[in-house]
Amino acid sequence: MNLAQYDPPRVREKPAAEQGGGAGKGGGSRGAGGVSGVRAPPGPPADDVLRIFVSTDNHLGHKESHEVRGNDSFMAVEEVLKKSVEYHSDFLLLGGDLFDDNKPSRQTMVRTIKMFKKAVLGDREVKVEAVDCSALGDEHEVGVVNWQDENLNIALPTFIIHGNHDDPAGQGHFSALDLLSSSGLLNYFGKQKQMDDVLVKPLLLSKGGVNVAIYGLGNIPDTRLYQTFVQGKVRWDKPQTGTWFHILVIHQNRIAHGATKFIPAEFLPGWLDFVIWGHEHECLIDPREETGREGGKIQISQPGSSVQTSLAAAEAEKKHCAYMDIRVGGDGVMQYRWKKIAYTNVRPFVYREVCLDGSNCGSSEDQVGAFLSELITEMIQEAKESFPDAPPEMQQPLIKLKVEHTGYPTIHIPRFGQKFKGSTRAGKLPSHTDWQVANPEDLITFWRRASRAPREKHKEDTEKDAAASIKQGTELLVAAEIPDLVEEELNKGTQKAGLEVLYKENLFDAVTKFVDKEDSRAIADMLMDSLKAVKDELSKDVGGKDAAGAGLAAFDQEKELQEKIAERLTERQQRQREIAGSQSNASQLLAEERGDGSPRRGGGGDDMEEDHDDDMGGSAKPPPKAKPGPKGGGKPAAGAAASKAAAKAPAKAKGGAAAKASGKQMQLSFTSQQASAAPSQDGQARCQDGQASQRAPRKVAVAAASRRQQLQSDSEE
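Residues numbered from 1 in each chain as written. Predicted model: local features only at pLDDT ≥ 70, side-chain atom pairs only at ≥ 80, totals over all residues. Heavy atoms only, no water.

Here we look at the overall build of the protein
Then comes step 1: What the protein contains, in helices and strands, is 17 helices and 22 strands.
Then comes step 2: Out of the 717 residues belonging to the protein, those deemed buried represent 48%.
Then comes step 3: The long-range fraction of contacts in the protein, counting pairs at least 24 apart against all pairs at least 6 apart in sequence, stands at 77%. (Helix = DSSP H or I, 4+ residues; strand = E, 2+ residues; numbered from the N terminus. Buried < 20%, exposed > 50% of the residue type's maximum accessible area, 1.4 Å probe, protein only. Contact = heavy atoms within 4.5 Å.)

This is the structure in structure tokens:
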């Protein structure tokens, strides 16, 4: 692919002396926000040039109740929509996390609809032709773009995928983006119905002989998607005829957060021309060439977020959106140019790190407070000098000072921040317009070196951070991950039989939605889907679709049914082991190719791990025994007896015997559940079995949530 820099717009850059910046006490600082030059919008693209405006990770509604920062996310998106129109874009492409919350507040939804309604609707002609958009919509309305709706007057077509913050969840598998899509304000694509069998279909668009295929891959939990890639179950519906410019919009971890908690560029098809990578908030918008599958070269751009959601060093980089022009060159080869545009409506942010050791700040709490207050004042002045063009609503900068305080006392951070809130006037509380900073409540983060070298790190930590922690001897604190806590609960005690009906990955996802997305039905839905899948597998062995009722009852001997169930469960367990083995082998090979060696484990300092062991000690309770059915129930009573026998089986049973025993224990409830034609007494037994089955996952969910909250509080301390 040729990179054509044709007809670039004029830019007036400020001299370096006018851009300000510099270092104060405690080392250099990093800053973001404002603009360093003035870019005149380009004229309309030619009829044979297709222009795309790009932005990612807008996080509408972030800190919407904050006195100062409440409008930051909305102002940035207003700028994106305004520039999309001013730059004469053929359409706007958003890379996920439009919303900061999976369930946006009513205020956020109303403001979002008003903004998009103002920018998207109008009389401007849409020059893009929808060749094939079957990747859009649902089973009710497939492949219909909003400008083809005769009831709408679309001026700015907008396409979007979901991120990890606004992903679909709950009954019907809907996202907040579905509301905007159903109302005709944008076109939502990239949603997958199954995580273990992914088909990526493109939107095929055309303008003046320029054909563009846009592939959308909305966020899927990284470990699940990594596994699906390894198994070769991510398929790409590439057009077989014509010349196309292939663009992928993806929203996943790009940086390795463990052996499998990211998506390497090596997994992506080498025939892709350009990748827009969402989810990572650091702005690395200039395209970088990376190697895809089969040695293909791919250009990858990481635009980053349009609002600071975490006061980390990566968020201190200047933030940009961009537009892309695509055309067919004179030799028939597709060409593109990529132009970044600095955000104007981004709050200035200055980040600095300092070590108290050797700073001559004094050893008392008052002396430390005075030293840090002087540093914060310098950083505020640096922000004013570096970003003089910041909008009036964003004059108060974000300040973050990371302080290494080993051997020195700390100060009360909220009380320390009060002095930067402004002064009281006429007996009234300070107005937020008098604030010197936008975040007085969290200006400082304290950390200290560990008293001893940390133990082996937890497997979900990043290899980079773990290596740095070992080298520096620092204490590394990370938030507890739901899959780790669920895994820990499942492995409690001396009998680690594992799961036989439920897949661990499904349970991980369900508990994550239950805790993080507040989806109260996530575990129940997962359980019913899993039970249905098992019943469908069993029904295939006994005569097809009608076996769920009369087919199972047709067995003359219950022993034969039990053996069939145990055999099926053994096959499922074997498949799980093969999947886990292939994933482990692929991870090891990938690590060797990247020169990383064996993945380290990480998770927290020594004290944190000791608390972890003490709190989570004890053995797990055995699964509840099935209650005998009422008189005349027949099979329920026999099932209860078999469950007792299975529960008394030795913990060290091996091979098929163990699978058979556990199969009798956990699966005989399906006998009564599948006999839909049985009397009402059997229905009562089914109800009891279903309740017992749902209690176990819910217990794991509650324990995992409680453990995660405790670890987070330990980390904060």
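Observations concerning empty space enclosed by the protein
Then comes step 1: Under the criterion given, the structure shown has one cavity of 30 Å³ or more.
Then comes step 2: Here the largest cavity is characterised by a volume of approximately 30 Å³.
Then comes step 3: Class assignment for the residues of the lining of the largest cavity results in two nonpolar, two polar and two charged. (1 Å grid on protein atoms, 1.4 Å probe; cavity = no way out; pocket = protein on both sides within 12 Å on 5 of 7 lines; lining within 4 Å. Points joined across faces, edges and corners; volume = space filled by probe spheres on them. Nonpolar A, V, L, I, M, F, W, Y, C, P; charged D, E, K, R; others polar.)

Description of the pattern of salt bridges
Then comes step 1: If you walk through the whole model with that rule in mind, you get 13 salt bridges.
Then comes step 2: A salt bridge links aspartate 178 to lysine 191; the nearest nitrogen and oxygen atoms lie 3.1 Å apart. Residue aspartate 178 is located in helix 3 (residues 176-182), and its partner lysine 191 is located in the loop between strand 9 (187-188) and strand 10 (198-200); the two are separated by 13 residues in the primary sequence.
Then comes step 3: Taking the relative accessible area as the measure of exposure, aspartate 178 reaches 14% and is therefore buried.
Then comes step 4: As a salt-bridge pair, aspartate 325 and arginine 337 come within 2.8 Å of each other at their nearest N and O atoms. Taken together, the residues span a long stretch of sequence, with aspartate 325 in strand 18 (residues 320-328) and arginine 337 in strand 19 (residues 334-342) at a distance of 12 residues.
Then comes step 5: In this structure, a network of salt bridges that share partners links the residues Arg51, Asp325 and Arg337. (Salt bridge = Lys/Arg side-chain N within 4 Å of Asp/Glu carboxyl O.)

Digging into the sheet that holds strand 15 (residues 274-278)
Then comes step 1: The strand order 7-11-12-14-15-17-16 describes an open sheet built from seven strands, whose pairing is mixed. Each edge of the open sheet carries a strand with a single partner, namely strand 7 (129-132) and strand 16 (284-291). Averaged over all adjacent pairs, the angle separating strand axes in this sheet is 25°, with direction ignored.
Then comes step 2: Here three bridges tie strand 15 to strand 17 (residues 297-302), and the two strands are oriented parallel to one another. Paired with phenylalanine 274 across the bridge in strand 17 is glutamine 299. (Pairing = 2+ DSSP bridges. Axes fitted to C-alpha atoms, helices over the stretch in contact; angles between N-to-C directions.)

Focus: the environment of leucine 152
Then comes step 1: The topology assignment puts leucine 152 in the loop between strand 7 and strand 8 (158-160).
Then comes step 2: In this structure leucine 152 comes out as partly exposed when scored by relative accessible area, which is 25%.
Then comes step 3: Once the C-alpha coordinates of leucine 152 and serine 183 are considered, the two residues, 31 residues apart in sequence, prove to be 9.7 Å apart.
Then comes step 4: Those residues in contact with leucine 152, other than ones at most four positions away along the chain, are Asn146, Ser183 and Gly184.

Here's the deal with the nonpolar core
Then comes step 1: Ranked by internal contacts, the top residues of the largest apolar core, which has 63 residues, are Leu98, Phe159 and Ile326.
Then comes step 2: Aside from chain neighbours lying at most four places away, what touches phenylalanine 159 is Phe91, Leu92, Leu93, Leu94, Leu136, Val145, Trp147, Asn187, Phe189, Leu203 and Leu205.
Then comes step 3: Among the nonpolar cores identified, the runner-up in size contains 25 residues, and Ala213, Phe229, Trp244 and Ile298 belong to it. (Core = buried A, V, L, I, M, F, W, Y, C linked by side-chain atoms within 4.5 Å.)

Considerations on the packing of helix 1 (residues 72-86) against helix 2 (residues 106-120)
Then comes step 1: With their axes 10 Å apart at the nearest point, helix 1 and helix 2 run at an angle of 15° to one another. When the axes of helix 1 and helix 2 are compared, the pair comes out roughly parallel. For the pair helix 1 and helix 2, the sense of crossing is right-handed. Contact with helix 1, carried on its side by Phe74, Val77, Glu78, Leu81 and Val85, involves Thr108, Arg111, Thr112, Met115, Phe116 and Ala119 of helix 2 and no other residues of that element.
Then comes step 2: Residues that form the contact of helix 1 with helix 2 fall into these classes: seven nonpolar, two polar and two charged. (Parallel < 35°, antiparallel > 145°, perpendicular 65-115°, else oblique. Left-handed = near helix turned anticlockwise from the far one by under 90°.)

Some words on the side chain of histidine 281
Then comes step 1: Mapped onto the elements, histidine 281 comes out in the loop between strand 15 and strand 16.
Then comes step 2: In this structure the side chain of histidine 281 is engaged in a polar contact, spanning 3.0 Å, whose partner is the side chain of histidine 59.
Then comes step 3: Those residues within four positions of histidine 281 in sequence are excluded, and the remaining contacts are Asp57, His59, Gly304, Ser305, Thr309, Glu315 and Lys319. (Polar contact = N/O pair within 3.5 Å; in protein donor to acceptor, adjacent residues only side chain to side chain.)

A few points about the environment of phenylalanine 229
Then comes step 1: Within the secondary structure layout, phenylalanine 229 lies in helix 4 (residues 222-230).
Then comes step 2: Exposure remark for phenylalanine 229: the relative accessible area of 11% places this residue in the buried category.
Then comes step 3: Separated by 31 residues in sequence, phenylalanine 229 and valine 198 place their C-alpha atoms 9.0 Å apart.
Then comes step 4: Excluding residues that lie within four positions of it along the chain, phenylalanine 229 makes contacts with Val234, Trp236, Ile263, Phe267 and Leu268.

Concerning helix 1
Then comes step 1: The first and last C-alpha atoms of helix 1 sit 21 Å apart over 15 residues, in line with the 21 Å expected at 1.5 Å per residue.
Then comes step 2: Of all 15 residues making up helix 1, 11 are buried, and the element is well covered by its neighbours.
Then comes step 3: Taken together, the buried residues of helix 1 touch strand 5 (49-55), strand 6 (91-94), helix 2 and strand 19.
Then comes step 4: Trailing helix 1 by a residue or two, histidine 88 shows a phi angle of about 55°, which is positive. (Expected span 1.5 Å × (residues − 1).)

Re the confidence of the model for the protein
Interpretation of the predicted coordinates at a detailed level should be avoided for regions scoring low in pLDDT.
Then comes step 1: For the protein, mean pLDDT is 73; residues scoring 70 or higher make up 58% of the total.
Then comes step 2: Contacts from residues 545-557, a stretch scored under 50 in pLDDT, to residues over four places away or in other chains number 18 contacts.
Then comes step 3: The model gives residues 596-694 a pLDDT under 50, and that stretch makes 146 contacts with residues more than four places away or in other chains. (pLDDT = per-residue confidence, 0-100.)

Notes on the packing of aromatic side chains
Then comes step 1: Per the stated rule, a full pass over the model turns up 15 aromatic pairs.
Then comes step 2: Here the aromatic rings of phenylalanine 274 and tryptophan 338 are separated by 4.9 Å at their centres, their planes lie at 40°, and the arrangement is tilted. Taken together, the positions of phenylalanine 274 in strand 15 and tryptophan 338 in strand 19 put the pair 64 residues apart, joining distant regions of the chain. With respect to burial, phenylalanine 274 and tryptophan 338 carry one shared label: buried.
Then comes step 3: The rings of Phe91, Trp147, Phe159 and Phe189 are connected pair by pair, giving a single aromatic cluster.
Then comes step 4: Geometry around tryptophan 277 places arginine 254 over its ring, the cationic atom sitting 5.8 Å from the centre. (Phe/Tyr/Trp six-rings, centres within 6.5 Å; stacked < 30°, edge-to-face > 60°. Lys NZ or Arg CZ within 6 Å of the ring centre and 35° of its normal.)

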